[in-house]
Amino acid sequence: LLNGELVKWTGATSDIYSTISSTEDYKPTHLGSIPVLTQKEALMALDAASEAFGKGKGLWPTMKVADRINCMENFVKQMKTKREEVVKLLMWEIGKNLIDSEKEFDRTVEYIYNTIEDYKQMDRDSAKFHKHDGVHAHIRRGPLGVVLCLGPYNYPLNETFALLIPALIMGNTAIFKPAKYGVLLISPLLEAFQNSFPKGVVNILYGRGRTVATPIMKDGRVDVLALIGHSRSANALQDVHPKSNRLRMVLGLEANNPAIILPDADLELAINECITGTTSFNGQRCTALKVLYVHKDIADEFNSRFSEKIDALKFGNPWDAGVKLTPLPEPDKPAYIKELIDDAIENGAQIINKKGGQTTYNYIFPAIMYPAKNDMRVCEEEQFGPIIPIIPFTDINEPLDDMASSNYGQQVSLFGKDTKTLAPLIDTLVNLVCRVNLNSSCQRGPDVYPFTGRKDSAVATLSVHDALRSFSIRTFVASKDN
Ligand code: G3H
């Protein structure tokens, strides 16, 4: 979608396959193909977005709030008619199970409605009158400019829209490149974008990052880099921007969230929450629990009950009833997962669940590894996969020291009962991460709460309320008492 036109593409295309297979030799399933755009179309998209922003004087940033809201309402209305198609593609392209695929779609629709409501409130607040030292002010917020949006494969709809929607409603214009996996599912929505927004406001590009995103950044007209994904991609794009020191960034990056299970924890509750936290979408969530610190006094019991329950989880294709574990969408992921398992074994851990690590093509059963150590690759790297390392501890300073020295700082789960122990611990943990989940697994939602991280885990804050602020700047109109 370039400058309001759905381009009829006659150039090179790229085939899209699913790792879900219906053949005995696990041959990937061909799903379709996408245009592979070149630098020329990428720069056309940038021209269109720049013109629509018009250095702040364009149609979109100067449009009345009610009219911008109207465009967004039109979009979400049309988007809702594509639910079935998008949900089906979510299952095929990234292997997300039916329930979670439906949730992803519905959560995105709700996110858009909540964004509209929050934006209306922001507009009402801007009418408030402030007075200090004889200066009257109406404080409001204005857009930042042209935004380049790149989302991740694990939430190709929801997290991409968590960047794009607030950026647009605040009056910015955007160029959006869908994730490598979960790319086809954007196609059913192209017409809704085309019908709802003025030309040039949203431009959607298919193609390789290096061919389309890099030249856009090199040009220097992008004001905001909005990316949820790996810091490697964010750094590479930031580095080529000629004014990278002035580039605004809204980034959701890696995490390796730990759970700390204290000796007095309700074990059944902790086990169930840790199962959700570690296995939901096969561990392919930046909010997933990636290291379990279990107190030595309860480790044997935790390990055996946890292993038994993990082994009982149903593996299958995304649309099968009751399926929790599904094939991983990245073809080369099994080799990487095996490397991490081998590294942990070489360093003294074992797989302790019966089905752990069983692999058929991209179907990999979660491997619980015990006793793990913080310097194993599986604990240091963001594996984004189904390995569950358990580190036994005796002194609470062991997990705290590991967290303090980690490059990441998104969330932690803390399981325990004694409030006298928990209270001071929480006070320390909130200085190491941005969200402490008491007796519950880590997660991003509900989407009205701030979503961010310390250190290499994030730059800026997302969620409905905060994203509107991350994609805008405070402005005000002042007058004097005279
Ligand atoms: O990949 C990171 C996502 O923000 C996780 O979101 O906790 O809602 O699954 P979630």
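Source: prediction; values computed, not measured. (Residues numbered from 1 in each chain as written. Predicted model: local features only at pLDDT ≥ 70, side-chain atom pairs only at ≥ 80, totals over all residues. Heavy atoms only, no water.)

> Looking at this model, I keep getting lost on the site of the ligand. Mind explaining?
Taken together, Arg107, Asn154, Tyr155, Glu159, Arg285, Cys286, Thr287, Gln443, Arg444 and Phe451 are the residues near the ligand. Computed on the free molecule, the ligand has an accessible area of 300 Å², of which 96% lies beneath the protein chains in the complex. Taken together, the residues of the shell around the ligand sort by class into three nonpolar, three polar and four charged. (Near = heavy atom within 4 Å. Areas by Shrake-Rupley, 256 points an atom, 1.4 Å probe, with all protein chains shown as cover. Nonpolar A, V, L, I, M, F, W, Y, C, P; charged D, E, K, R; others polar.)

> Just to check I follow, could you spell out the sheet that holds strand β4 (residues 135-143) for this structure?
Hydrogen bonding along the main chain pairs the strands of a sheet, whether they run parallel or antiparallel. With antiparallel pairing, three strands are arranged side by side in an open sheet as β3-β4-β22. The open sheet has two edge strands with one neighbour each: β3 (130-132) and β22 (472-480). Neighbouring strand axes in the sheet, compared pairwise and without regard to direction, differ in orientation by 40 degrees on average. (Pairing = 2+ DSSP bridges. Helix = DSSP H or I, 4+ residues; strand = E, 2+ residues; numbered from the N terminus. Axes fitted to C-alpha atoms, helices over the stretch in contact; angles between N-to-C directions.)

> I would appreciate a short explanation of the nonpolar core in the present structure.
Soluble globular proteins tend to bury their nonpolar side chains together. With 69 residues, the main nonpolar core has Phe75, Met79, Ile112, Phe161, Phe193, Phe197 and Phe471 as its most contacted residues. Top contributing element to this core by residue count: helix α6 (residues 158-169), with eight residues. Other than its neighbours up to four places away in sequence, phenylalanine 471 contacts Pro143, Leu144, Val147, Leu163, Pro166, Ala167, Met170, Asn172, Val224, Ala226, Val250 and Leu462. If you look at the next biggest cluster of nonpolar residues, it comprises 29 residues, including Ala372, Leu400, Val412 and Leu429. (Core = buried A, V, L, I, M, F, W, Y, C linked by side-chain atoms within 4.5 Å. Buried < 20%, exposed > 50% of the residue type's maximum accessible area, 1.4 Å probe, protein only. Contact = heavy atoms within 4.5 Å.)

> So what exactly am I meant to see when it comes to α6 here?
Residues spaced three or four apart along an α-helix face the same direction, because each turn holds 3.6 residues. Given a rise of 1.5 Å per residue, twelve residues ought to cover 16 Å, and the 16 Å separating the end C-alpha atoms of α6 matches this to within 8%. With twelve of twelve residues buried, α6 is to be regarded as a mostly interior element. Where α6 is concerned, the buried positions are Asn158, Glu159, Thr160, Phe161, Ala162, Leu163, Leu164, Ile165, Pro166, Ala167, Leu168 and Ile169. One or two residues past the end of α6 sits glycine 171, with phi positive at roughly 100 degrees. (Expected span 1.5 Å × (residues − 1).)

> Looking at this structure, I do not really get the pattern of salt bridges. What am I missing?
Oppositely charged side chains can pair when the atoms bearing their charge come close. Applying the stated criterion across every chain, the model contains 19 salt bridges. Close ionic contact of aspartate 47 with arginine 221 constitutes a salt bridge, the shortest N to O distance being 2.8 Å. Taken together, the residues span a long stretch of sequence, with aspartate 47 in helix α1 (residues 39-53) and arginine 221 in the loop between α8 (209-219) and β8 (224-228) at a distance of 174 residues. Close ionic contact of lysine 131 with aspartate 481 constitutes a salt bridge, the shortest N to O distance being 3.5 Å. In this pair, lysine 131 sits in strand β3 while aspartate 481 sits in the segment after β22, placing the two residues 350 residues apart along the sequence. For lysine 131, a relative accessible area of 48% gives the class partly exposed. A relative accessible area of 48% places aspartate 481 in the partly exposed class. (Salt bridge = Lys/Arg side-chain N within 4 Å of Asp/Glu carboxyl O.)

> What should I look at first to understand the UniProt feature "domain: Aldehyde dehydrogenase" (unreviewed entry) in the protein chain in this one?
The sites that carry the UniProt feature "domain: Aldehyde dehydrogenase" (unreviewed entry) are, in the present numbering, residues 18-472. Between the C-alpha atoms that bound residues 18-472 the distance is 38 Å, and the span itself is 42% helix and 19% strand. (UniProt positions renumbered as here; feature names shortened; annotations may be inferred.)

> How should I be thinking about the environment of glycine 348 in this particular structure?
Tracing the backbone shows glycine 348 in the loop between α12 (333-346) and β12 (350-351). With 33 residues separating them along the chain, glycine 348 and glutamate 381 place their C-alpha atoms 18 Å apart.

> Is there a simple way to explain the pairing of strand β5 (residues 146-150) in this structure?
One face of the sheet, then the other: side chains in a regular strand alternate in exactly this way. Counting buried residues along β5, five of its five residues qualify, which places the element largely inside the surrounding structure. The side-chain alternation of β5 yields two buried faces, one formed by Val146, Leu148 and Leu150 and the other by Val147 and Cys149. Sheet topology note: the β5/strand β6 (residues 173-177) ladder contains five bridges and is parallel. By the bridge assignment, valine 147 is partnered in β6 with alanine 174. Handedness of the β5-α6-β6 crossover: right-handed. In the sheet, β5 pairs with β8 via four bridges, with the strands oriented parallel. Bridging from a neighbouring strand, leucine 148 pairs with leucine 225 of β8. (Right-handed = clockwise from strand over helix to strand, strands pointing away.)

> Could you clarify how one ought to interpret the sheet that holds β8 in this entry?
Overall, mixed pairing links the six strands, which are arranged β7-β6-β5-β8-β9-β21 in an open sheet. With one partner strand each, in any of the chains shown, β7 (202-204) and β21 (458-459) form the two edges of the open sheet. Each of β5, β6 and β7 touches α1; the most contacted strand, β6, lies at about 155 degrees to it.

> How should the packing of helix α10 (residues 267-279) against helix α11 (residues 296-311) be read in this particular structure?
Remark: α10 packs on α11, axes separated minimally by 10 Å, with the N-to-C direction vectors making an angle of 50 degrees. Here α11 runs oblique to α10, going by the angle between their axes. Along this stretch, α10 crosses α11, giving a crossing that reads as right-handed. On the side of α10, the interface is formed by Leu267, Glu268, Ile271, Asn272, Cys274, Ile275, Thr278 and Thr279, while α11 contributes Ile298, Glu301, Phe302, Arg305, Phe306, Lys309 and Ile310. Of the residues that constitute the contact of α10 with α11, the class distribution is eight nonpolar, three polar and four charged. (Parallel < 35°, antiparallel > 145°, perpendicular 65-115°, else oblique. Left-handed = near helix turned anticlockwise from the far one by under 90°.)

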